[in-house]
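Report on the structure
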Amino acid sequence: MKTKEIVEGALVSAIICTFMLVNLQLGGILGYVIFLLPLPLMYFTFKYGFKHGLVPLFSSVILVFMFSSLTLSLITFLQSALGIVYGEGLRKKESSTILLLKTILFSISIQLISTVLLSKLFGYDINDDIDMLVQTMSLLDLKLATGLDFTRLIKIFVFAAIPLNGIFEGYLTHYFSRLLLIRLRFQIEKPKTIVEYNPPSYTGYIAIVFACLFFVVVNKDIFSENVQYILVFLGILSVTYLIIFGSIALILFLKTIIPNAKIAIFLITLFGIFIFNVTIIMIGFLYITTNLRKTLLKRLIDAS
């Protein structure tokens, strides 16, 4: 290894180790930006290759283990491994879409491993948190119109959040990885914003069906109990999917009316998500399945 490569590898290991130790001292607050952790090794792997990236990977894991715990070491390994996978993909000039899908799947796997396997390995029981959440919700005297078990329903919501969180973190890792390399003057394809993605129309029809079934299931006893729980899980994912694109459509529309009022656009969109969520869902469906996206983008370009 050349001297420059050794120095950069040591710096990458130091950055990763510092991130994890600072996160430990701050009570895990940096977990909200954990999607940034793969970036140092992504850069190093992209520049020097897969095999060379393994050296700072294991160095980082050993350093974190020396100063913290096995749990944080395993999380460091998983997040850093994602950086190596993404960096090697960029080095091989894989398409942006393939890399994004790989990153999202890897991130979902990390969420599953850290939530399910590591919790069992180190004696942490997620059911205790769910029970506490159920007790808190019971204080609000919330009752379901169906015979669904409230505890099991909360558990479905918690586990539905795992793939959603993985998708969110995977996309952010993908976006900021490309942004970092562009800032460092590497010649790579620019990252697409979520507005630039044109989701297949069939996904809108699938999502609206499961979203409708979700609202039916939580209000009426029609299907068997197990089928209801499956529909609730798929419904949560579908509703979230439609709300995301419905919010994008609303933001694009507001930008054509009040282009410089960013705070107002944010507050109106947030208000719409929580108060008029059914309307946002329908807008999301139209955004995916019709020419609404093209129309809004054209109006935005004309307005600017």
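The coordinates are above.
Remember, predicted model here, so these are calculated numbers, not experimental data. (Residues numbered from 1 in each chain as written. Predicted model: local features only at pLDDT ≥ 70, side-chain atom pairs only at ≥ 80, totals over all residues. Heavy atoms only, no water.)

On to the side chain of His174. Along the chain, His174 turns up in helix α7 (residues 150-183). The exposure class assigned to His174 is buried, which follows from its relative accessible area of 0%. The contacts of His174, once residues within four sequence positions are left out, are Tyr86, Ser96, Leu100, Thr103 and Tyr197. (Helix = DSSP H or I, 4+ residues; strand = E, 2+ residues; numbered from the N terminus. Buried < 20%, exposed > 50% of the residue type's maximum accessible area, 1.4 Å probe, protein only. Contact = heavy atoms within 4.5 Å.)

Core analysis: the biggest nonpolar cluster contains 29 residues, and Phe214, Val232, Ile236, Val239, Leu242, Ile281 and Tyr287 have the highest contact counts within it. Only α7, α8 (201-217), α9 (225-257) and α11 (277-289) provide two or more residues apiece to this core. For this core, the element with the highest residue contribution is α9, accounting for 13 residues. Ignoring sequence-local partners within four residues, the contact set of Ile236 consists of Ile156, Phe157, Ala160, Leu164 and Phe214. (Core = buried A, V, L, I, M, F, W, Y, C linked by side-chain atoms within 4.5 Å.)

Bringing α11 into the picture now. With 13 residues, α11 should cover 18 Å at 1.5 Å per step; its first-to-last C-alpha distance of 18 Å lies within 8% of that length. Among the residues of α11, Ile280, Ile281, Gly284, Phe285, Tyr287, Ile288 and Thr289 are the ones counted as buried. Looking at the packing, one finds that the buried side of α11 touches α8, α9, α10 (262-275) and α12 (292-303). (Expected span 1.5 Å × (residues − 1).)

What follows covers the pattern of salt bridges. Taken as a whole, this structure holds three salt bridges when the rule is applied. The partner of Lys47 in a salt bridge is Glu8, with the nearest N and O atoms 3.0 Å apart. Of this pair, Lys47 sits in helix α2 (residues 39-48) while Glu8 sits in helix α1 (residues 3-25), and the two are 39 residues apart along the sequence. For Glu8, a relative accessible area of 14% puts it in the buried group. (Salt bridge = Lys/Arg side-chain N within 4 Å of Asp/Glu carboxyl O.)

On to the packing of aromatic side chains, then. Scanning all chains against the criterion turns up 13 aromatic pairs. On the numbers, 6.2 Å between centres and 40° between planes, the contact of Phe58 with Phe77 is tilted. Highlighted residues: Phe58 in helix α3 (residues 50-67) and Phe77 in helix α4 (residues 70-91), separated in sequence by 19 residues. Classification of Phe77 by relative accessible area gives partly exposed; the value is 32%. Ring geometry for Tyr171 against Tyr175: centres 6.3 Å apart, planes inclined by 25°, an arrangement best described as stacked. Here Tyr175 and Tyr171 lie together in helix α7, a separation of four residues that amounts to about one turn. (Phe/Tyr/Trp six-rings, centres within 6.5 Å; stacked < 30°, edge-to-face > 60°.)

This part is about the side chain of Ser238. Following the sequence through the fold, Ser238 ends up in helix α9. Given a relative accessible area of 8%, Ser238 falls into the buried group.

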